[in-house]
Amino acid sequence: ASVEEVFRADPEFAAIMISPTIKGDEKAKVVRRVFKGRVNDLMLDFLSVLAKRNRMRSLFDISLKYESLIDKHYKRYPVDITLAYQPDQQQIEKLQ
């Protein structure tokens, strides 16, 4: 499961991670237990730093910005396609 899937699947976990009453060090320990072996070490360190500094609330904004930068780097742009007919599955896959 991705980081986002974990947060969406367990609202209680997400609430703990953004709670101002729980110390950052404790959050970082929880992050390491939950995500160790599920994400690479660099991502684990990044999540731990966010947790320790009480910045987990910013995770989704960071993720959106990262995806935007990746799309820009690879010159991927959103497009709308209008067809005069209903495409079959093979045509849809080609367009993706």
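Look up a bit, the structure's there.
Residues numbered from 1 in each chain as written. Predicted model: local features only at pLDDT ≥ 70, side-chain atom pairs only at ≥ 80, totals over all residues. Heavy atoms only, no water.

**Q** Can you tell me about the environment of Val31, naming the residues and giving the values?
**A** Note on placement: Val31 falls in helix α3 (residues 24-35). Given the relative accessible area of 0%, Val31 is considered buried. Dropping the residues within four chain positions of it, Val31 is found in contact with Met17, Lys36, Leu44, Leu47, Ser48, Ala51 and Met56. (Helix = DSSP H or I, 4+ residues; strand = E, 2+ residues; numbered from the N terminus. Buried < 20%, exposed > 50% of the residue type's maximum accessible area, 1.4 Å probe, protein only. Contact = heavy atoms within 4.5 Å.)

**Q** Give a description of the nonpolar core that names residues and reports values.
**A** Membership of the largest hydrophobic core comes to 16 residues, with the highest contact counts inside it found for Val3, Phe7, Val31, Phe35, Leu47, Met56 and Leu59. Listing elements by their share of this core, those giving two or more residues are α1 (3-9), α2 (11-18), α3 and α4 (41-52). By residue number, the principal contributor to this core is α4, which donates 4 residues. Setting aside residues up to four positions removed in sequence, Phe35 forms contacts with Val3, Val6, Phe7, Phe13, Leu44 and Leu47. (Core = buried A, V, L, I, M, F, W, Y, C linked by side-chain atoms within 4.5 Å.)

**Q** Go over the packing of aromatic side chains with me, naming the residues and quoting the values.
**A** Under the criterion given, the structure shown has 4 aromatic pairs. Taken together, a centroid distance of 6.5 Å and an interplanar angle of 20 degrees make the contact between Phe7 and Phe35 stacked. Of this pair, Phe7 sits in helix α1 while Phe35 sits in helix α3, and the two are 28 residues apart along the sequence. Here Phe35 falls in the buried class, since its relative accessible area comes to 0%. Measuring from ring centre to ring centre gives 5.8 Å for Phe7 and Phe60, while their planes differ by 85 degrees; the resulting arrangement is edge-to-face. With Phe7 in helix α1 and Phe60 in helix α5 (residues 59-73), this pair connects stretches of sequence that are 53 residues apart. A residue is classified by how much of its surface remains accessible, and Phe7, at 7% relative accessible area, is buried. Taken together through their ring pairs, the aromatic side chains of Phe7, Phe13, Phe35 and Phe60 make up a single cluster. (Phe/Tyr/Trp six-rings, centres within 6.5 Å; stacked < 30°, edge-to-face > 60°.)

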